[in-house]
Amino acid sequence: MKQFRVVPDYHMHTPRCNHAVGSICEYAQAAVDAGLLEIGMSDHSPMPNGFDKAWRMDESELDSFLKELEQAQDEFKDRLKIKSALEVDYYPGAEEYITYLSQYYDWDYLMGSVHFIGDWGFDNPDAVSRFESCDLEQTYCDYFKLVEQSASCGLFDSIGHPDLIKKFGYRVLGKSERVEAAEYAMLEAVKAADVALEISSAGLRKPVKEIYPHPRIVAQAAALDIPFAFGSDAHSPAEVGHAMSDCLALLHHYGITSVATFNKRQRSPMSFVKG
Ligand SMILES: [Zn+2]
Ligand SMILES: [Zn+2]
């Protein structure tokens, strides 16, 4: 981090989602040890009607999540800001429940993420074989359409890992005007809704070995003056702040000099360039 100032890491989980380890205080201590000044706990939100229930907290766990969060905020108050958040799944029809969640607590931000195309949890390693038989170009277009809708619904402050569809490295070979048009339509919706995009280091730890989103998307977002917020998507304390400087370097390469910060659903820019 020689070149850049440290920025908030706005994406991390707790064991309530059934696929993460570490208490909130352990994430906070890891952040302090890594020199961070601010994090956001953004565990997988409850969703209605048993949707993907093995991979998220139950609604009955929201209160214990918030209690643990408030205790950690208090314990670390002189060393670290800990923001309250959720990573909320978006799918068409979830808007009413997301509105309910948004009113449940005085959140600092809500991050909307698309992990499902219809009934296909495409980022689930158990369902990866579907990439072998699907029409990849159509799948990418379907994915970006859902991300576009997640922005347009107006219920989120940021959009998580905006090209997660590439996670396992299945890509449309060569230039696809259809996919690029779908990406751009997504970005126009993000711009129109005035939400931030996440720049995420998690892809570096996945088969694709690449930051989310692709540099082409970062370049176009920069041209549209869309703000970015950094997230590691940590599922263990050791991942807090992972590859922050690589993500900031990618933003900086395209002329971006600040990231988004969130407080009670108000967004402010924070410069990450020294001097
Ligand atoms: Zn996610
Ligand atoms: Zn996540």
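Q: How should I be thinking about the coordination of the zinc ion (ligand 2) in this particular structure?
A: Geometry sets the ideal angles at a metal, namely 109.5 degrees for four tetrahedral donors and 90 or 180 degrees for six octahedral donors. Donor atoms from the polypeptide that bind the zinc ion (ligand 2) are His 11 (NE2), His 13 (NE2), Glu 87 (OE) and Asp 233 (OD), placed at 2.0 to 2.3 Å. Coordination at the zinc ion (ligand 2) is irregular: its four donor atoms span angles of 81 to 166 degrees at the metal. Spacing between the donor residues of the zinc ion (ligand 2) along the chain follows H-x1-H-x73-E-x145-D. Separation of the zinc ion (ligand 2) from the zinc ion (ligand 1) amounts to 3.5 Å, with Glu 87 serving as a shared donor to the pair. With His 13 in the segment before α1 (24–33) and Asp 233 in the loop between β8 (228–231) and α8 (244–253), the pair connects residues that are 220 residues apart, well separated along the chain. An identical accessibility class is assigned to His 13 and Asp 233; each is buried.

Q: Would you mind going over the side chain of Ser 232 with me for this structure?
A: Residue position: Ser 232 is located in the loop between β8 and α8. The exposure class of Ser 232 is buried, given its relative accessible area of 0%. Among the polar contacts listed, one links the side chain of Ser 232 to the side chain of Asp 9, at a separation of 2.6 Å. A distance of 3.3 Å separates a polar atom in the side chain of Ser 232 from the backbone nitrogen of Ala 234. Not counting the four nearest positions on each side in its chain, Ser 232 is found in contact with Asp 9, His 11, Ser 201, Ala 202, Arg 205, Glu 239, Val 240, Gly 241 and His 242.

Q: I'm lost on the packing of helix α6 (residues 177–193) against helix α7 (residues 215–223) in this one. Help?
A: A pair of packed helices is captured by two measures, namely the crossing angle of their axes and the spacing between those axes. Interaxial distance between α6 and α7 falls to 10 Å at its minimum, and their mutual angle equals 40 degrees. The angle between α6 and α7 places the two elements in the oblique class. When you trace α6 past α7, the crossing you get is right-handed. Contacts from Glu 180, Glu 183, Tyr 184, Met 186 and Leu 187 of α6 reach α7 at Arg 216, Ile 217, Gln 220 and Ala 221. A breakdown of the residues in the contact of α6 with α7 according to their chemical character gives five nonpolar, one polar and three charged.

Q: Just to check I follow, could you spell out the coordination of the zinc ion (ligand 1) for this structure?
A: At this site the zinc ion (ligand 1) is bound by Glu 87 (OE), His 115 (NE2) and His 161 (NE2), with donor distances of 2.1 to 2.2 Å. The sequence pattern describing where the donors of the zinc ion (ligand 1) fall on their chain is E-x27-H-x45-H.

Q: What is the right way to look at helix α3 (residues 95–102) in this model?
A: A turn of α-helix holds 3.6 residues, and therefore any two residues three or four places apart point the same way. Every buried residue of α3 is listed here: Tyr 97, Ile 98, Leu 101 and Ser 102. Along the long axis of α3, the arc covered by the buried residues comes to 145 degrees, so they all point the same way. Of the surrounding secondary structure, the elements contacted by the buried residues of α3 are α2 (62–75), β2 (81–89) and β3 (109–113).

Q: Looking at this model, I keep getting lost on the side chain of Thr 261. Mind explaining?
A: Examined against the element boundaries, Thr 261 turns out to sit in strand β9 (residues 258–263). Other than its neighbours up to four places away in sequence, Thr 261 contacts Pro 8, Tyr 10, Gln 266, Arg 267, Ser 268 and Met 270.

Q: Where do I start with the packing of aromatic side chains in this structure?
A: Aromatic rings considered in pairs are described by the distance between their centres and by the relative angle of their planes. Under the definition given, this model contains 17 aromatic pairs. Ring centres of Tyr 10 and Phe 262 lie 5.5 Å apart, and the angle between their planes is 50 degrees; on these two criteria the pair is classed as tilted. On the criterion of sequence distance, the pair formed by Tyr 10 in the segment before α1 and Phe 262 in strand β9 is long-range, its members being 252 residues apart. With respect to class, Tyr 10 is no different from Phe 262; both count as buried. Pairing Phe 122 with Tyr 143 gives two aromatic rings, centres 5.4 Å apart and planes at 80 degrees, and the pair type is edge-to-face. In this pair, Phe 122 sits in the loop between β5 (120–121) and α4 (130–133) while Tyr 143 sits in helix α5 (residues 136–152), placing the two residues 21 residues apart along the sequence. Residues Phe 122 and Tyr 143 agree in their burial class; the two are buried.

Calculation rules
Each chain carries its own residue numbering, running from 1 in the written order of its sequence. Labels are handed out in written order, letters beginning with A for the chains and numbers beginning with 1 for the ligands. Two thresholds apply to this predicted model, a pLDDT of at least 70 for residue-level local features and 80 or more for giving and counting side-chain atom pairs, whereas whole-chain, interface and lining totals are computed over all residues. No hydrogens and no water enter the side-chain calculation; it runs on all heavy atoms of the structure. Metal donors were taken as nitrogen, oxygen and sulfur atoms no farther than 2.8 Å from the ion, or 3.2 Å where the ion is Na, K or Ca. Water is excluded, so coordination may look unfinished. Any site counts as irregular unless it has four donors with all angles between 85 and 135 degrees, making it tetrahedral, or four or six donors with opposite ones more than 155 degrees apart and the rest between 65 and 115, making it square planar or octahedral. Where helices and strands are cited, they refer to DSSP runs of H or I of at least four residues and of E of at least two residues respectively, numbered from the N terminus. For the exposure calls, accessible area comes from a 1.4 Å probe over protein chains only, and a residue counts as buried if that area is under 20% of its type's maximum, exposed if over 50%, partly exposed in between. Contacts described as polar in this section are N or O atom pairs within 3.5 Å, which, within protein, must combine one atom able to donate a hydrogen with one able to accept it, while residues neighboring in sequence count only if both atoms come from side chains. Contacts were defined at the residue level, with two residues in contact if any of their heavy atoms lie within 4.5 Å. Helix axes are fitted to C-alpha atoms over the stretch in contact, other axes to C-alpha atoms as well, and angles between N-to-C directions run from 0 to 180 degrees. If an angle is under 35 degrees, it is roughly parallel; if it is over 145, roughly antiparallel; if it lies from 65 to 115, roughly perpendicular; otherwise it is oblique. Crossings are assigned a handedness: left-handed for a near helix turned anticlockwise from the far helix by less than a right angle, right-handed for a clockwise turn. Throughout, the ten residues Ala, Val, Leu, Ile, Met, Phe, Trp, Tyr, Cys and Pro are labelled nonpolar, Asp, Glu, Lys and Arg are labelled charged, and all others, Gly among them, are labelled polar. The directions from the helix axis to the C-beta atoms form the arc being described. Stacked, tilted and edge-to-face pairs are distinguished by plane angle, under 30 degrees for stacked and over 60 for edge-to-face with tilted covering the rest, among Phe, Tyr and Trp rings (Trp via its six-membered ring) whose centres lie within 6.5 Å.

In short, geometric facts, not functional conclusions.
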